[in-house]
Amino acid sequence: MSHGSHGSAAARPSVLTTARRAALVGATALTAALALAGPASAHAEVEADTPRALATGVTLTFVSEAESDSAGFTELRVVLPEGISPGDVSLDDAPEGWKLTAAGNGYTVAGPALKPGVDAEHSIKVKQLPNARELVFKTVETYSDGEISRWIELPTGGKEPEQPAPVLKLKAAAAGAASLAPSPSASTPTSASASASADVTRSPTPSAVRAAGDDGGGMPAGAVVGGVAAVVVAVGGGAWWLAGRRRRSAAAQS
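Parameters at a glance
Residues numbered from 1 in each chain as written. Predicted model: local features only at pLDDT ≥ 70, side-chain atom pairs only at ≥ 80, totals over all residues. Heavy atoms only, no water. Helix = DSSP H or I, 4+ residues; strand = E, 2+ residues; numbered from the N terminus. Buried < 20%, exposed > 50% of the residue type's maximum accessible area, 1.4 Å probe, protein only. Contact = heavy atoms within 4.5 Å. Pairing = 2+ DSSP bridges. Axes fitted to C-alpha atoms, helices over the stretch in contact; angles between N-to-C directions. Patch = residues over 30% accessible without salt bridge, like charges linked within 9 Å, V, L, I, M, F, W, Y side chains within 5 Å. Areas by Shrake-Rupley, 256 points an atom, 1.4 Å probe, with all protein chains shown as cover. Salt bridge = Lys/Arg side-chain N within 4 Å of Asp/Glu carboxyl O. Lys, Arg positive; Asp, Glu negative; His and termini not counted. Charge placed at Lys NZ, Arg CZ, Asp CG, Glu CD. Core = buried A, V, L, I, M, F, W, Y, C linked by side-chain atoms within 4.5 Å. Phe/Tyr/Trp six-rings, centres within 6.5 Å; stacked < 30°, edge-to-face > 60°.

A. Focus on the overall build of the protein. A count of helical and extended segments in the protein gives three helices and 11 strands. Each of the 254 residues in the protein was classed as buried or not, and the buried ones make up 35%. A separation of at least 24 residues holds for 75% of the contacts in the protein among residues at least 6 apart in sequence.

Below is the structure:
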């Protein structure tokens, strides 16, 4: 009888040890994920004050989130979608000292290097948006240390791209809206960014819709599954918090 009692007591530390190990694995995964959350959250995006097909005098605002802690943005190269020519675009707002230059099938906006970690935001005024459901604005970012980041990828086969191009969704055109006369095209680009972004070409509006990512790794033991689920929720919250903190930091320094 005493032997059975001894066996039961010996089993308890084993259960506690397993629980501690599971908690340690979860904490390690959370720490690693949070360490990567900053760079992974960086992206380029676009929004409009009037996101409607055939709308005129529309202001488009672009935001490129900083990825480098040691170099700042010096130039952005934007490829315009079909239906918008460089002659239809004028600079509305940009970092101090930055200028817009028409370049082939798009434009560059460039100037003095921004501080490391500061997002680059600029706005353009567009004569008229084309009659489309969505517009793609491939963007190439150049940093003061020569580093180049290309946000030019489109969804393929339902797969989420690693560096997606900014996409603007449009509402249907208003009743009676019509296309204005097209503006003349710009000449061939002469800026240094032309060679850096030579692989960026005009693309038609993608028909694919981004599919939500699905991590398929299965886990054994119910207790471990619960621990991993908690880590995933914490990582998601951490990534949103870090992204929000970066935006607030950029706004405070701009």
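Okay, back to it.
B. Highlighting the sheet that holds strand β3 (residues 73-79). Taking strand neighbours across the sheet as the criterion, the five strands line up as β5-β6-β3-β9-β10 in an open arrangement whose pairing is antiparallel. Unpaired on one side and paired on the other, β5 (99-103) and β10 (148-151) mark the two borders of the sheet. Strand-to-strand twist of the sheet, defined as the mean angle between neighbouring strand axes without regard to direction, takes the value 15°. Note: β3 against strand β6 (residues 106-110), five bridges, orientation antiparallel. Across the sheet, E75 pairs through a bridge with A110, a residue of β6.

C. Expanded view of the sheet that holds strand β7 (residues 120-128). Taken in spatial order, the four strands make up an open sheet running β1-β2-β7-β4, and their pairing is antiparallel. Taken across any chain shown, the strands that pair with only one partner, and hence form the sheet edges, are β1 (44-48) and β4 (89-93). Each adjacent strand pair in this sheet contributes to an overall mean axis angle of 30°, direction not counted. Alignment of strand β2 (residues 56-64) against β7, held across eight bridges, turns out to be antiparallel. Considered in β7, the bridge of L60 is made with I124.

D. Representation of a negative patch on the surface. A grouping of E47, D49, D92, D93 and E121 is seen on the molecular surface, where their side chains present a negatively charged patch. Tracing the sequence through the fold places D92 in strand β4.

E. Representation of the nonpolar core within the structure. Formed by 28 residues in total, the largest nonpolar core has its most connected members in L60, F62, F73, I84, Y107 and F137. When residues of this core are traced back to their parent elements, those giving at least two are β1, β2, β3, β6 and β7. Every residue in contact with L60, bar those within four places of it in the chain, is listed here: V46, E47, A48, H122, S123, I124, V126, F137 and L168.

F. Here's a closer look at the environment of A120. Counting through the fold element by element, A120 comes out in strand β7. In this structure A120 comes out as buried when scored by relative accessible area, which is 1%. Separated by 55 residues in the primary sequence, A120 and E65 place their C-alpha atoms 6.6 Å from one another. Apart from the residues lying within four places of it in its own chain, the contact partners of A120 are F62, V63, S64, F73, L76 and L114.

G. Just the packing of aromatic side chains, in detail. Taken as a whole, this structure holds two aromatic pairs when the rule is applied. Here the aromatic rings of F62 and F137 are separated by 5.3 Å at their centres, their planes lie at 80°, and the arrangement is edge-to-face. Of the two residues, F62 is situated in strand β2 and F137 in the loop between β8 (134-136) and β9 (139-143); the sequence distance between them amounts to 75 residues. Considered together, F62 and F137 belong to a single accessibility category, that of buried residues. Residues F73 and Y143 carry aromatic rings whose centres are separated by 4.6 Å and whose planes lie at 25° to one another, so their mutual orientation is stacked. Of this pair, F73 sits in strand β3 while Y143 is found in strand β9, placing the two residues 70 residues apart along the sequence. Per residue, the accessibility class of F73 equals that of Y143, and both read buried.

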